[in-house]
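Residue-level listing of the chains:
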Amino acid sequence: MPHERQSPSGFHGAFRQSMSWFHTWVGLLLGVVLYFIFVTGTTGYARLEITRWMTPELGKQTATASAISHSTAKMAEAAMAYGLENMPGSPVMYLTFPTPGREGTAPITIFAEPPVAAEGSETLEAFEGQLDPVTLQPVAAAEVRETGGGDTLYAMHYNLHYIPFESLTLFGFTLPAWPTLIVGIATMFMLIAIVTGIVVHKKIFADMFTFRPGKGQRSWLDAHNLSSVLALPFMVMITYSGLVMYTYDYMPTVKTIAYGVEPDARLVDCELYDYGCAQREATGETAQMVPLAPMIAATEARWPDAPIKWVDIFNAGDTAATVDVWPVFDGQIGANGHLSFDGVTGAEIPKAATVTDPVGATGDVLIALHEGLYAGPMLRWLYLATGAIGAAMVATGLVLWTVKRRQRLKGDQKADFGLEFVERTNVAIIVGLLIGIAAYFWANRLLPVGLEGRADWEVNAMFLTWGATFAHAAIRPARKAWTEQLVVASVAYLAIPVLNALTTDIHLGQTLFVAASERDLVLASFDLTMFVLGLALALMLQKVLRKSRLSESLMESAVTAKMQPAE
Amino acid sequence: MSEAVISSRRGRRATVTPAYRLEVASRSLAAVIGGFALASASAWMIAAGLLQSGLQPRGVAIGSGTLVSWIFWTCGAMWAFYAPTQLRAWSWLLIPAAVLGGIGVILGLEV
């Protein structure tokens with residue numbers, strides 16, 4: 001193949017080169033998706049803490065409040081009755097309980113699927129309800145603000161929020177749903193970009209300790225290398241485990257070997273996901289459910305250290321009713337398990353032996369690593385930090401692309417459209433998304449409680465704001481856009497503790513600066529983290545300002561130098 | 001395009017021709033599409049083989065195949081860039097994919 005490059009073994013010699021090319025362009029094209037995934041995924045990792053902050057009506061979780069004993073049996077009984085009352089004949093009902101440590105008095109949630117509609121009649125909407133875990137009374141919308149909380153933010157990193165969860169069928173194979181597909185492609189490219197990135201490097205170990213600040217392109221490259229190499233094990237783990245989580249969706253042809261082209265969804269759920277194995281076909285005959293308390297006691301006896309988190313009830317109130325009880329294994333990596341019971345007799349349904357296989361265990365460990373639910377407080381902060389480093393890796397990569405091309409311009413050569421475009425969108429991607437997330441928190445405090453579709457409007461506020469930052473970047477010179485958006489971002493985050501103090505009574509004055517027994521460090525950490533984030537953004541702003549002042553003065557001296565001979 | 005310059009491995013500067021760009025694009029596609037084909041076929045063969053041999057029950061066999069397939073993809077993607085020529089990049093992804101997939105289908109049909 002005739003090309004003008006001089007290398008002894010043709011393309012082979014340019015191995016690094018073409019990998020670098022791939023790494024650069026894939027990074028640029030998918031940077032926005034990857035940055036979004038890193039930022040929302042990392043933020044969402046603190047979803048329980050964020051949800052607590054976003055429902056201030058639930059109040060503090062002090063040492064005294066934590067002491068309220070959670071009787072899961074009582075909670076489960078009340079939740080099942082509430083679900084049955086509001087959605088009789090529900091084929092599957094999911095009850096979720098607050099775990100004693102992290103969630104405290106967060107509400108119990110009940111989600112009941114509607115019965116399959118008779119021919120000609122419309123399907124009902126699913127029932128969603130909340131119960132107070134202490135009083136066991138329904139939580140009214142007027143008492144606690146409707147919010148997407150941390151869960152919505154967390155789910156964005158794999159459902160991309162607005163993109164419908166629908167899928168294409170190609171040659172009889174169902175492709176993954178659109179959001180899953182987009183995230184999957186970005187993740188696979190990222191895995192390849194990581195591997196090619198490692199190969200492109202000559203001195204991977206040295207890069208871990210190399211940072212030369214204030215040297216333009218070199219510094220950006222160092223920052224990009226440092227962020228990727230420092231958190232490399234995390235990056236490899238989080239991408240590979242992300243793929244494994246949806247492995248049956250991404251490799252859709254494989255399961256046809258065992259299950260045919262039109263698989264029985266229930267069988268697949270049971271054998272591949274160990275989910276709902278015990279459920280049976282509804283008979284249509286009603287039957288009285290036995291109390292859940294003995295089932296919960298049996299599960300607690302089986303795993304004494306794991307609090308009960310979920311109860312799934314299939315065909316509640318039918319003679320074929322079954323109940324799955326799932327504990328949450330905090331602090332134990334890859335631990336998994338649940339017990340199944342007959343809902344009418346209360347007898348335990350023994351499970352097939354497939355559950356303790358090494359493959360399933362490997363998958364469980366990988367998924368556990370990805371979700372990080374096992375981690376204790378210190379490790380949780382480390383997860384947040386490495387996630388943030390991941391976001392920084394993408395961001396510095398995006399900036400590096402523009403800095404490299406800027407430096408290549410000779411003299412007064414004008415930047416082409418592509419460079420201008422990326423320079424501007426970079427601002428709105430990197431800083432704009434952070435402003436958007438701040439808007440999400442602000443909306444939570446400022447939108448009127450009781451507003452119709454309030455939770456949706458919180459998210460809309462986030463994306464409208466993010467959209468506005470793109471418009472802003474489009475009409476402002478790139479450097480001005482950086483400084484202005486950084487000002488907005490840092491003020492937005494610095495002011496969150498203040499906003500919180502003005503609108504609620506779970507502010508730092510109540511959560512931190514009080515007697516030790518009255519403190520709520522989770523809520524206080526949220527305010528403090530926002531404040532620190534604001535400080536970090538202000539620091540970035542200061543750097544950008546100093547840099548632009550420097551280049552202005554350089555330009556001035558160049559102009560004076562040119563003018564002097566004319567005088 | 002003549003202004004776009006890359007520095008080659010030896011520090012010389014070479015011009016990026018459209019042919020070069022096309023070749024990198026082709027290799028990138030080989031990495032993604034060829035890699036997926038190889039990964040899918042390997043998953044298919046491993047799963048079908050495990051099922052056929054009776055070593056693992058079906059849910060587990062499918063799990064084994066798909067878990068390992070990602071490594072095939074990553075190695076395939078590396079090969080796409082490492083191969084001396086484009087033709088070899090593509091053919092050494094698609095031929096093994098066809099062979100593994102073929103064995104997988106034959107084994108799978110008997111399950």
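It should be noted that the structure appears before, not after, this text.
Residues numbered from 1 in each chain as written. Chains lettered and ligands numbered in written order. Predicted model: local features only at pLDDT ≥ 70, side-chain atom pairs only at ≥ 80, totals over all residues. Heavy atoms only, no water.

Engineer: Quick question: what am I supposed to make of the overall build of chain A here?
Structural biologist: From N to C terminus, chain A includes 21 helices and nine strands. For 567 residues, the compact-globule formula gives about 24 Å, and the C-alpha radius of gyration of chain A, at 27 Å, lands near that figure. Taking the principal axes of its C-alpha atoms as reference, chain A extends roughly 100 × 65 × 50 Å. Scored against the burial criterion, the 567 residues of chain A give a buried share of 48%. Intrachain contacts of chain A at a sequence separation of at least 6 include 68% that bridge at least 24 residues. On chain A, roughly 27500 Å² of surface is accessible, and the fraction owed to carbon and sulfur atoms is 64%. On chain A, the mean spot of the 38 positive side-chain charges and the mean spot of the 52 negative ones are 20 Å from each other. (Helix = DSSP H or I, 4+ residues; strand = E, 2+ residues; numbered from the N terminus. Rg over C-alpha atoms; globule rule 2.2 N^0.38 Å. Buried < 20%, exposed > 50% of the residue type's maximum accessible area, 1.4 Å probe, protein only. Contact = heavy atoms within 4.5 Å. Areas by Shrake-Rupley, 256 points an atom, 1.4 Å probe, with all protein chains shown as cover. Lys, Arg positive; Asp, Glu negative; His and termini not counted. Charge placed at Lys NZ, Arg CZ, Asp CG, Glu CD.)

Engineer: Please clarify how the overall build of chain B should be interpreted in this entry.
Structural biologist: The secondary structure content of chain B amounts to three helices and two strands. For chain B, the sequential pattern of α-helices and β-strands runs β-β-α-α-α. Buried residues in chain B amount to 48% of all 111 residues. Taking all contacts inside chain B whose residues are at least 6 apart in sequence as the whole, residues at least 24 apart take part in 62%.

Engineer: Got a minute to help me understand the pattern of salt bridges in this structure?
Structural biologist: Side-chain pairs of opposite charge can arise whenever the charged atoms involved come near each other. Residues and elements named next belong to chain B. Summed over the entire model, instances satisfying the criterion amount to 13 salt bridges over all chains. Residues Glu23 and Arg27 are paired through a salt bridge, measuring 3.1 Å at the closest nitrogen-oxygen approach. Separated by four residues within a single helix, Glu23 and Arg27 lie in helix α1 (residues 18–53), roughly one turn from each other. (Salt bridge = Lys/Arg side-chain N within 4 Å of Asp/Glu carboxyl O.)

Engineer: What is the right way to look at the pairing of strand β1 (residues 92–96) of chain A in this model?
Structural biologist: Remark: a regular strand shows side chains that alternate across the two faces of the sheet. All names here are of chain A. Alignment of β1 against strand β6 (residues 308–314), held across five bridges, turns out to be antiparallel. The residue of β6 that forms the bridge with Leu95 is Val311. Where β1 lies against strand β2 (residues 108–112), four bridges are found, and the strand directions are antiparallel. Counted as the bridge partner of Thr96 is Thr109 from β2. (Pairing = 2+ DSSP bridges.)

Engineer: Can you walk me through the environment of B:Thr66 in this structure?
Structural biologist: Along the polypeptide, B:Thr66 turns up in helix α2 (residues 58–82). What makes B:Thr66 buried here is its relative accessible area of 0%. When the C-alpha atoms of B:Thr66 and B:Ala47 are compared, they prove to be 8.0 Å apart, with 19 residues separating the residues in sequence. Once residues within four sequence positions are removed from consideration, B:Thr66 is found in contact with A:Thr247, A:Tyr248, A:Met251, A:Val254 and B:Ala43.

Engineer: For this particular structure, what's the right way to read the nonpolar core?
Structural biologist: One recurring pattern in soluble globular proteins is that nonpolar side chains are buried together. In this structure, A:Tyr35, A:Phe38, A:Phe441, A:Met462 and B:Trp70 are the most contacted members of the largest nonpolar core, which totals 117 residues. By residue number, the principal contributor to this core is helix α16 (residues 417–446) of chain A, which donates 14 residues. When residues no more than four places from it in sequence are discounted, the contact partners of B:Trp70 are A:Met188, A:Tyr240, A:Leu243, A:Val244, A:Thr247, A:Tyr250 and A:Met251. A:Leu131, A:Val323, A:Val325 and A:Phe341 belong to the second-largest nonpolar core, a separate cluster that totals 31 residues. (Core = buried A, V, L, I, M, F, W, Y, C linked by side-chain atoms within 4.5 Å.)

Engineer: Mind showing me how you'd approach the sheet that holds β1(A) here?
Structural biologist: Consider a sheet: its strands pair through backbone hydrogen bonds, and that pairing is either parallel or antiparallel. All names here are of chain A. Strand order in the open sheet made by the seven strands is β3-β2-β1-β6-β7-β8-β9, with antiparallel pairing throughout. Each edge of the open sheet is held by one strand with a lone partner, namely β3 (127–131) and β9 (348–349). One ladder, built from two bridges, connects strand β8 (residues 339–342) with β9; its direction is antiparallel. By the bridge assignment, Phe341 is partnered in β9 with Glu348. Strands β1, β2, β3 and β6 of the sheet are contacted by helix α4 (residues 72–86), whose axis makes an angle of about 145° with β3. Packed onto the sheet, helix α13 (residues 293–302) meets β6, β7 (322–327) and β8 and runs at close to 155° relative to β8. (Axes fitted to C-alpha atoms, helices over the stretch in contact; angles between N-to-C directions.)

Engineer: Would you take a moment to explain unusual backbone geometry for this structure?
Structural biologist: All names here are of chain A. Although it is not a glycine, Leu136 sits at a positive phi angle of roughly 60°. Inspection of the secondary structure puts Leu136 in the loop between β3 and α5 (149–159). Leu136 sits in the partly exposed class, given a relative accessible area of 23%. A positive phi angle, close to 50°, is found at Leu160, a residue other than glycine. By secondary structure assignment, the location of Leu160 is in the loop between α5 and β4 (169–170). On the basis of relative accessibility, which here comes to 13%, the residue Leu160 falls in the buried class.

Engineer: I tried to follow helix α2 (residues 47–54) of chain A on my own but got confused; where do I start?
Structural biologist: At 3.6 residues per turn, the α-helix brings residues three or four places apart onto the same side. The buried fraction of α2(A) amounts to six of the eight residues, a majority that puts the element mostly inside the structure. Among the residues of α2(A), those classed as buried are A:Leu48, A:Glu49, A:Ile50, A:Arg52, A:Trp53 and A:Met54.

Engineer: Which parts of the structure should I look at to understand a nonpolar patch on the surface?
Structural biologist: All names here are of chain A. A cluster of nonpolar side chains, namely Leu168, Trp178 and Ile182, defines an oily patch on the protein surface of about 240 Å² accessible area. One can find Trp178 in helix α6 (residues 178–200). Overall, Trp178 belongs to the partly exposed group, its relative accessible area being 34%. (Patch = residues over 30% accessible without salt bridge, like charges linked within 9 Å, V, L, I, M, F, W, Y side chains within 5 Å.)

Engineer: Any chance you could explain the packing of helix α8 (residues 217–230) of chain A against helix α15 (residues 377–408) of chain A here in plain terms?
Structural biologist: Residue and element names in this part refer to chain A. Contact pair α8 / α15: the axes reach a minimum separation of 8 Å and the direction vectors enclose 155°. Here α15 runs roughly antiparallel to α8, going by the angle between their axes. As for the relative orientation of α8 and α15, their crossing is left-handed in sense. Where α8 abuts α15, its residues Gln217, Trp220, Leu221, Ala223, His224, Ser227, Ser228 and Leu230 lie against Ile389, Ala392, Met393, Thr396, Gly397, Val399, Leu400, Val403, Lys404 and Gln407. Across the contact of α8 with α15, the residue classes tally to 10 nonpolar, seven polar and one charged. (Parallel < 35°, antiparallel > 145°, perpendicular 65-115°, else oblique. Left-handed = near helix turned anticlockwise from the far one by under 90°. Nonpolar A, V, L, I, M, F, W, Y, C, P; charged D, E, K, R; others polar.)

Engineer: Explanation requested: the packing of aromatic side chains in the structure shown.
Structural biologist: For any pair of aromatic rings, geometry is given as the distance between the ring centres together with the angle between the planes. In total, this model carries 25 aromatic pairs over all chains according to the counting rule given. For the ring pair A:Phe441 and A:Phe526, a centre distance of 5.1 Å and an interplane angle of 85° mean the geometry is edge-to-face. Residue A:Phe441 is located in helix α16, and its partner A:Phe526 is located in helix α21 (residues 521–566); the two are separated by 85 residues in the primary sequence. The pair A:Phe441 / A:Phe526 is uniform in exposure class, with both members buried. Relative to B:Trp73, the ring of B:Trp70 has its centre 5.7 Å away and its plane inclined at 10°; by these criteria the two rings are stacked. Pair noted here: B:Trp70 and B:Trp73 are both in helix α2, with a separation of three residues, about one helical turn. For the pair B:Trp70 and B:Trp73, a shared accessibility class is recorded, and that class is buried. The structure contains a cluster of three or more aromatic residues connected by ring pairs, namely A:Phe36, A:Tyr162, A:Phe463, A:Trp466 and A:Phe470. Here the guanidinium or amino end of A:Arg47 rests over the ring plane of A:Tyr154, the centre of that ring lying 4.0 Å away. (Phe/Tyr/Trp six-rings, centres within 6.5 Å; stacked < 30°, edge-to-face > 60°. Lys NZ or Arg CZ within 6 Å of the ring centre and 35° of its normal.)

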